Amino acid sequence: MEMSHIEEVLEAIGRKTKQIPEIGLILGSGLGDLAEEITSADRVPYQSLPYFPEPTVKGHKGQFVIGGLEGKSVIAMQGRYHHYEGYSLKQVAFPVEVMKGLGIRTLIVTNAAGGINLNYSPGDLMLIHDHINMLGGSPLIGPNDDLIGPRFPDMSASYDPSLIDLAKKEADQLSVKIREGVYLATPGPQYETPAEIRMMRVMGADAVGMSTVPEVIAARHGRLQVLGISCITNMASGILDQPLSHTEVMETADRVKENFTRLVKGIVKNI
Ligand code: HPA
């Protein structure tokens, strides 16, 4: 029988590592360095794999790093795909299906986001409680792979309540201030207009970004336990009397990196 795309990728990865990860980590802006702390690391560049295009965003490396972190076996995505790069939502979500195929049960996904909630400040960390998909599509459109999950997957409690509890306890232990809110995904790449942000606030969003939702939809399709954490890198458009810039996003992500890393490591340790 012909191999599926996932099987082909799993075979290619199997030639580079014998480790079986239990936790998947998608490392967003500023958090990529966490992959350097993974021990006994096997690195698999995306470009060495079939069906994996080269990521195009500066500051995002493109490789899987498989090894040990805080006593757990993990696979980290150092660099991810974004819809605004021109990849389909299916392409963006495909690595999650691969990580599930490798054996992960839990996915921790991180990102940079703009703060819509007026009580937030740049530098805050937000546990994603739920999301709003404004990407205009789904990675699950097309024939369903029943081996991965059902045609109509449930999206209630997509962000695992017990992992949110664990993350809150860990943040408390580490004295890291933590928020909890709703993440809204937009295709980008342009930042929002002030009118769009006012609309998103009315809709119930606390933060806005250009990633994460495709991967989480794929993860829930495959019944993975998901934890999402946003770094609020800037206040969203129109809130402050200043333009938005990618430089501000990267600078804030860099400033918060140490606490963000401590938190994620603490969570991994206690999962
Ligand atoms: N909007 C969308 N995506 C983002 C933002 C923002 O303000 N900040 C970081 N990613």
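Look up: the structure comes first, before these words.
Reading the values: rules and limits
- Residues numbered from 1 in each chain as written.
- Predicted model: local features only at pLDDT ≥ 70, side-chain atom pairs only at ≥ 80, totals over all residues.
- Heavy atoms only, no water.
- Salt bridge = Lys/Arg side-chain N within 4 Å of Asp/Glu carboxyl O.
- Helix = DSSP H or I, 4+ residues; strand = E, 2+ residues; numbered from the N terminus.
- Buried < 20%, exposed > 50% of the residue type's maximum accessible area, 1.4 Å probe, protein only.
- Core = buried A, V, L, I, M, F, W, Y, C linked by side-chain atoms within 4.5 Å.
- Expected span 1.5 Å × (residues − 1).
- Bend = angle between axes of the 7 residues up to and from the residue.
- Near = heavy atom within 4 Å.
- Polar contact = N/O pair within 3.5 Å; in protein donor to acceptor, adjacent residues only side chain to side chain.
- Areas by Shrake-Rupley, 256 points an atom, 1.4 Å probe, with all protein chains shown as cover.
- Nonpolar A, V, L, I, M, F, W, Y, C, P; charged D, E, K, R; others polar.
- Phe/Tyr/Trp six-rings, centres within 6.5 Å; stacked < 30°, edge-to-face > 60°.

Participant: Explain the pattern of salt bridges to me, please; I cannot follow it from the model alone.
Facilitator: Here the idea is simple: oppositely charged side chains can pair when their charged atoms come close. Applying the stated criterion across every chain, the model contains nine salt bridges. In this structure, the salt-bridge partner of Lys257 is Asp33, at a minimum N-O distance of 2.9 Å. Placement of the pair is Lys257 in helix α6 (residues 246-270) and Asp33 in the loop between β1 (23-27) and β2 (39-45), with a sequence separation of 224 residues. On the basis of relative accessible area, Lys257 is assigned to the partly exposed category, the value being 24%. Among the residues examined, Asp33 registers a relative accessible area of 44% and is labelled partly exposed. Here the salt bridges share partners, and the residues they tie into one network are Asp33, Asp254 and Lys257.

Participant: Whenever I open this one, the nonpolar core confuses me. Can you help?
Facilitator: Nonpolar side chains in soluble globular proteins generally cluster together in the buried interior. Ile13, Leu25, Phe52, Phe64, Met99, Leu107 and Leu227 are the most contacted members of the largest nonpolar core, which has 75 residues in total. For this core, the leading source of residues is helix α2 (residues 89-102), giving eight residues. Counting nine residues, the second-largest nonpolar core is a separate cluster that includes Ile116, Val182, Met200 and Val208.

Participant: What is the right way to look at α6 in this model?
Facilitator: Structural remark: α-helix, 3.6 residues per turn; residues separated by three or four positions point the same way. Taking 1.5 Å of rise per residue, 25 residues should cover 36 Å, and α6 covers 33 Å from first to last C-alpha, within 8% of that figure. Of all bends in α6, the biggest is about 55 degrees, found at Lys257. Three or more residues of α6 are buried, namely Glu248, Val249, Thr252, Ala253, Val256, Phe260, Thr261, Leu263, Val264, Gly266, Ile267 and Val268.

Participant: What is the right way to read the site of the ligand from this model?
Facilitator: Looking at the ligand, the residues that line it are Ala112, Ala113, Gly114, Tyr191, Glu192, Val208, Gly209, Met210, Thr233, Asn234, Leu244 and Val249. Interatomic distance of 3.4 Å between a backbone N/O atom of Ala112 and a nitrogen atom of the ligand. Within the side chain of Glu192, an N or O atom sits 2.8 Å from a nitrogen atom of the ligand. Within the complex, 95% of the 260 Å² of free accessible area of the ligand lies under protein. Mapped onto the shell around the ligand, the elements with two or more residues apiece are β5 (106-115), β8 (207-209) and β9 (225-235). The dominant element in the shell around the ligand, judged by the number of residues it contributes, is β5, at three residues. Partitioning the shell around the ligand into residue classes produces seven nonpolar, four polar and one charged.

Participant: Is there a simple way to think about the packing of aromatic side chains in this case?
Facilitator: The geometry of two aromatic rings is summed up by the distance between their centres and the angle between their planes. Counted by the stated rule, this structure contains seven aromatic pairs. Centroid distance Tyr46 to Phe64: 5.2 Å. Interplanar angle 80 degrees. Geometry classified as edge-to-face. Of the two residues, Tyr46 sits in the loop between β2 and β3 (63-69) while Phe64 sits in strand β3, which places them 18 residues apart along the sequence. Judged on exposure class, the residue Tyr46 and its partner Phe64 are both buried. Measuring from centroid to centroid gives 5.6 Å for Phe52 and Phe94, while their planes differ by 55 degrees, and the two rings are tilted. Taken as a pair, Phe52 in the loop between β2 and β3 and Phe94 in helix α2 lie far apart in primary sequence, 42 residues in all. Owing to a relative accessible area of 12%, Phe94 belongs among the buried residues under this scheme.

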